[in-house]
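Chain and residue survey
One-letter residues, chain by chain:
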There are 2 protein chains.
Amino acid sequence: MNLLKTTALAALVASSFALASAAIAQDKTYVIGVSVPTADHGWTGGVDFFAQQAVDRLTKAYPNLSFVLATAPDSTKQAADLEDMIATRNIDGLVILPGDPDAMTASIKKVKDAGKWVTVVDRALSQPGIEDLYVAGDNPGLGTTTADYFKSALPNGGNIVVLRGAPIPIDAQRVDAFMAGIKDTQIKVLDTQFANWNRDDGYKIMQDFLTKYPKIDAVWAQDDDTLVGVLKALKEAGRENEMWAVGGAGMNQIIKMVASGSAQVPVDVSYNPNMVATAIDLTALHFAANAQVDGKLIINSTLITKDNAAQFDYPNTPF
Amino acid sequence: MNLLKTTALAALVASSFALASAAIAQDKTYVIGVSVPTADHGWTGGVDFFAQQAVDRLTKAYPNLSFVLATAPDSTKQAADLEDMIATRNIDGLVILPGDPDAMTASIKKVKDAGKWVTVVDRALSQPGIEDLYVAGDNPGLGTTTADYFKSALPNGGNIVVLRGAPIPIDAQRVDAFMAGIKDTQIKVLDTQFANWNRDDGYKIMQDFLTKYPKIDAVWAQDDDTLVGVLKALKEAGRENEMWAVGGAGMNQIIKMVASGSAQVPVDVSYNPNMVATAIDLTALHFAANAQVDGKLIINSTLITKDNAAQFDYPNTPF
């Protein structure tokens, strides 16, 4: 029976290739809506750049796909964009990086309830099970990977300060994993403040830390935008040689410092905004190739060192 | 500072689009090796079909990508295929569904050590951390989803028999989750045997179960190939109206039964071989679009019912 089955299968496989190619060529057309935040800091600038780049590439690669790309500075505009995509643009699927996932959950559920495919990027919604596909970086992994570096670089312990992101779940996942990672070490966290993944906040909070603490060995800024602010505060205070600092995401300017062997910024941890392009690509596959892509893609948060920095140096990005 | 930054970013984004498109057009070419088992049962027949289909589609969509596709009936041939891909075909990356993951781990590690990108599909290697990307179905989810169905269909309990797969980790993940799911119910597992995701084994084991047990209310065959053997045994024994049976994977023939409202096969659970195509697509993105795709994609194991069967009915597949 097995032999017969295998032979029959082989014949069927061979004859089906021609049919399948024809089916794809005749496919109906699909419209995919892409909704992302307006570039309000470096990371979202990268999101907008990579989203547009993916849309341009996929429009060429798959003639039966077209895209509606909208950027929104706030949840009111982002919700209106979704309503417009349903009511007048007739989308078949949506890829969304929600600026504020709590505020956007109800609007995204409406898109799902209208029978559309939904891909959510980066920020999880406040209600589980709405989206078909979730694409994000490894947030606990970012904390763990960073903690591993701190342990190896401070084998005898030391004083550190921590600049958190914003008070939403992905920040907590990162910080909890980092704290668990350094738990049984001599590394002492002098202070922690929310810097909102923001350059200005990073600058002000680091100025405050420098005033309060005469001896700091290292800084965990968690984010490369925040880190740029931290580095500015260190430079102005003339204390840039007293401590090293680690951000996160893979901003081009920081990758170049790591690649050059900077003592001040020895490593970075990847959490690149090009995950939005991967999410658009997977969604396109659902329509263009009938691929099964419902599920969860978690992209590694990798330690970026002098040795591997080149592979994280994406050309021409604004981030 | 924020306003200035945003304006500068916007300008940079605009000017970078042209550059980026040019960069992609001029890209160097890449060779991707694809290594899959020879079709020895329905599911691997589907793997071969979907792998070839993805290669055909991607070759057209991305002119700078080419592919080497090899099928292997056993680990000796599959290991030789990998050596050939490195030594004479000069691959830049590999997508592999290892027939026997334990036996193939060392060979795959060699590919990684040679500096190549590695994507592993379905069957996890015996050593973690080798591959860049892992793509698989949700194996615990398959067990949980199936258990949920059994609970809802047998609210007052009943006698069931269980046909397992092969003694490798993904089978244990499925079975453990299923058993945990039915734990506090009146569902009684009369017997369990390994059917190796195989039609003939399913047939013989079900014949044995039918001889031993006069009253069976339902069968969990875990796999649609096994289920086909189970259905044959039931029919020959004239007991096809005494019990219903659930497989797994999404074989076309089973999907059509579910879609038609079969009382004997009321549902299926998705674990489609087209996951190999998704894995090839993601790997292609790494090279064609410099996308960050290292990580883990777990595809949902969804309950397939009469209502949603149409979306799991892939055209022209041999599986």
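Everything numeric here is computed off the predicted structure, so don't read it as measured data.

This part takes up the overall build of chain A. For chain A, the helix and strand inventory stands at 10 helices and 12 strands. Here chain A holds 319 residues, and the buried ones make up 59% of them. Taking as baseline every contact in chain A between residues at least 6 positions apart, the subset at least 24 positions apart corresponds to 74%. Summed over all atoms, the accessible surface of chain A reaches about 12,400 Å², with 54% contributed by carbon and sulfur. Each charge class in chain A can be summarised by its mean position, and for the 26 positive and 36 negative side chains these summaries are 2 Å apart.

Below, the discussion takes up the pattern of salt bridges. For the structure shown, the criterion picks out 30 salt bridges over all chains. Its salt-bridge partner being A:Lys212, residue A:Asp191 comes within 3.2 Å of it at the nearest N-O pair. Highlighted residues: A:Asp191 in strand 7 (residues 187–194) and A:Lys212 in helix 7 (residues 199–212), separated in sequence by 21 residues. Overall, A:Asp191 belongs to the buried group, its relative accessible area being 13%. When the shortest N-O distance is used, the salt bridge between B:Glu242 and B:Arg239 registers 3.0 Å. Salt bridges sharing common partners tie together A:Asp191, A:Asp208 and A:Lys212.

A few words now on the environment of B:Ser262. Residue and element names in this part refer to chain B. Inspection of the secondary structure assignment puts Ser262 in the loop between helix 9 (252–259) and strand 10 (268–269). Judged by relative accessible area, which is 16%, Ser262 ranks as buried. C-alpha of Ser262 to C-alpha of Trp244: the two residues are 18 residues apart in sequence and 9.3 Å apart in space. A distance of 3.1 Å separates the side chain of Ser262 from the backbone nitrogen of Gln264, its partner in a polar contact.

A few words now on the pairing of strand 2 (residues 65–72) of chain A. All names here are of chain A. As paired elements, strand 1 (residues 30–37) and strand 2 share 8 bridges and run parallel to each other. Of the residues in strand 2, the one forming a bridge with Tyr30 is Leu65. Regarding the hand of the β-α-β motif, the stretch spanning strand 1, helix 2 (residues 42–61) and strand 2 is right-handed.

For A:Trp197, which is not glycine, the phi torsion reads 50° and is therefore positive. Inspection of the secondary structure puts A:Trp197 in the loop between strand 7 and helix 7. At B:Asp122, a position not held by glycine, the phi torsion is positive, near 70°. The residue B:Asp122 is located in the loop between strand 4 (117–121) and strand 5 (133–137) in this model.

Attention now moves to the confidence of the model for chain A. All names here are of chain A. Of all residues in chain A, 92% have pLDDT values of 70 or greater, and the mean over the chain is 90. This stretch, residues 1–26, has a pLDDT under 50; its non-local contacts, to residues over four places away or in other chains, come to 32 contacts. Scored as a complex, the prediction yields pTM 0.83 and ipTM 0.80.

Below, the discussion takes up the nonpolar core. Within the largest apolar cluster, 214 residues are counted, with the highest numbers of intra-cluster contacts made by A:Phe150, A:Met206, B:Phe150 and B:Met206. Residue contacts for A:Met206: discarding those within four places in its chain leaves A:Val161, A:Leu163, A:Ile216, A:Val219, A:Val230, A:Ala233, A:Leu234 and A:Met243.

For any pair of aromatic rings, the description consists of the separation of the ring centres together with the inter-plane angle of the planes. Residue and element names in this part refer to chain A. Summed over the entire model, instances satisfying the criterion amount to 18 aromatic pairs over all chains. Taken together, Tyr149, Phe150, Phe178, Trp220 and Trp244 form an aromatic cluster joined through their ring pairs. Its end group placed over the ring of Tyr271, Arg174 keeps NZ or CZ at 4.5 Å from the ring centre.

It is worth spelling out the sheet that holds strand 6 (residues 158–164) of chain B at this point. All names here are of chain B. The strand order across the open sheet built from 4 strands is 7-6-8-9, with neighbouring strands paired in parallel fashion. Every interior strand has two partners, whereas the edge strands, strand 7 (187–194) and strand 9 (244–246), have only one. Averaged over all pairs of adjacent strands, the angle between strand axes in this sheet comes to 20°, irrespective of strand direction. As judged from the 3 bridges shared by strand 6 and strand 8 (residues 218–220), these two strands associate in the parallel manner. Bridge assignment links Ile160 to a residue of strand 8, and that residue is Ala218. Across the sheet, helix 6 (residues 169–181) lies against strand 6, strand 7 and strand 8, angled at about 170° from strand 6, the strand it touches most.

All names here are of chain A. Pairing within the open sheet is parallel, and its 4 strands lie in the order 7-6-8-9. Looking at which strands have only one partner, the edges of the open sheet turn out to be strand 7 and strand 9 (244–246). Averaged over all pairs of adjacent strands, the angle between strand axes in this sheet comes to 20°, irrespective of strand direction. The sheet contact formed by strand 8 (residues 218–220) and strand 9 spans 3 bridges and is parallel. Its bridge partner lying in strand 9, Ala218 is registered against Trp244.

Below, the discussion takes up the side chain of A:Ser107. In this structure, A:Ser107 sits in helix 4 (residues 101–113). If we ignore the near neighbours within four places in the chain, the residues touching A:Ser107 are A:Ala79 and A:Leu82.

What follows deals with the environment of A:Asp84. Residues and elements named next belong to chain A. Tracing the sequence through the fold places Asp84 in helix 3 (residues 75–87). Looking at Asp84, the relative accessible area reads 34%, which means it is partly exposed. Within polar-contact distance, the side chain of Asp84 engages the side chain of Thr88 at 2.7 Å.

This brings us to helix 3 of chain A. Residues and elements named next belong to chain A. Over its 13 residues, helix 3 extends 18 Å from the first C-alpha to the last, a length consistent with the 18 Å expected when each residue adds 1.5 Å. Looking at helix 3, one finds that the buried residues are Ser75, Gln78, Ala79, Asp81, Leu82 and Met85. The buried residues of helix 3 occupy one face: seen down the axis, they fall within an arc of 155°. Along helix 3, exposed side chains directed more than 90 degrees from the buried face belong to Thr76, Glu83 and Ala87. Buried positions along helix 3 lie against strand 1, strand 2, strand 3 (93–96) and helix 4. At the N-terminal boundary of helix 3, the capping side chain belongs to Asp74, with an oxygen 3.2 Å from the backbone nitrogen of Thr76.

Next up on the list: the packing of helix 3 (residues 75–87) of chain B against helix 4 (residues 101–113) of chain B. Residues and elements named next belong to chain B. Taken N-terminus to C-terminus, the directions of helix 3 and helix 4 make an angle of 0°; their axes are 10 Å apart at the nearest point. Judged by the inter-axis angle, helix 3 sits roughly parallel to helix 4. Where helix 3 abuts helix 4, its residues Ser75, Gln78, Ala79, Leu82, Glu83 and Ile86 lie against Ala103, Met104, Ser107, Ile108, Lys110 and Val111. Classifying every residue of the contact of helix 3 with helix 4 gives 7 nonpolar, 3 polar and 2 charged.

Look at helix 2 of chain A: 28 Å from first C-alpha to last across 20 residues, which is about the 28 Å you get at 1.5 Å a residue. With 16 of 20 residues buried, helix 2 of chain A is to be regarded as a mostly interior element.

Quick notes on the rules
Residues numbered from 1 in each chain as written. Chains lettered and ligands numbered in written order. Predicted model: local features only at pLDDT ≥ 70, side-chain atom pairs only at ≥ 80, totals over all residues. Heavy atoms only, no water. Helix = DSSP H or I, 4+ residues; strand = E, 2+ residues; numbered from the N terminus. Buried < 20%, exposed > 50% of the residue type's maximum accessible area, 1.4 Å probe, protein only. Contact = heavy atoms within 4.5 Å. Areas by Shrake-Rupley, 256 points an atom, 1.4 Å probe, with all protein chains shown as cover. Lys, Arg positive; Asp, Glu negative; His and termini not counted. Charge placed at Lys NZ, Arg CZ, Asp CG, Glu CD. Salt bridge = Lys/Arg side-chain N within 4 Å of Asp/Glu carboxyl O. Polar contact = N/O pair within 3.5 Å; in protein donor to acceptor, adjacent residues only side chain to side chain. Pairing = 2+ DSSP bridges. Right-handed = clockwise from strand over helix to strand, strands pointing away. pLDDT = per-residue confidence, 0-100. Core = buried A, V, L, I, M, F, W, Y, C linked by side-chain atoms within 4.5 Å. Phe/Tyr/Trp six-rings, centres within 6.5 Å; stacked < 30°, edge-to-face > 60°. Lys NZ or Arg CZ within 6 Å of the ring centre and 35° of its normal. Axes fitted to C-alpha atoms, helices over the stretch in contact; angles between N-to-C directions. Expected span 1.5 Å × (residues − 1). Arc of directions from axis to C-beta. Parallel < 35°, antiparallel > 145°, perpendicular 65-115°, else oblique. Nonpolar A, V, L, I, M, F, W, Y, C, P; charged D, E, K, R; others polar.

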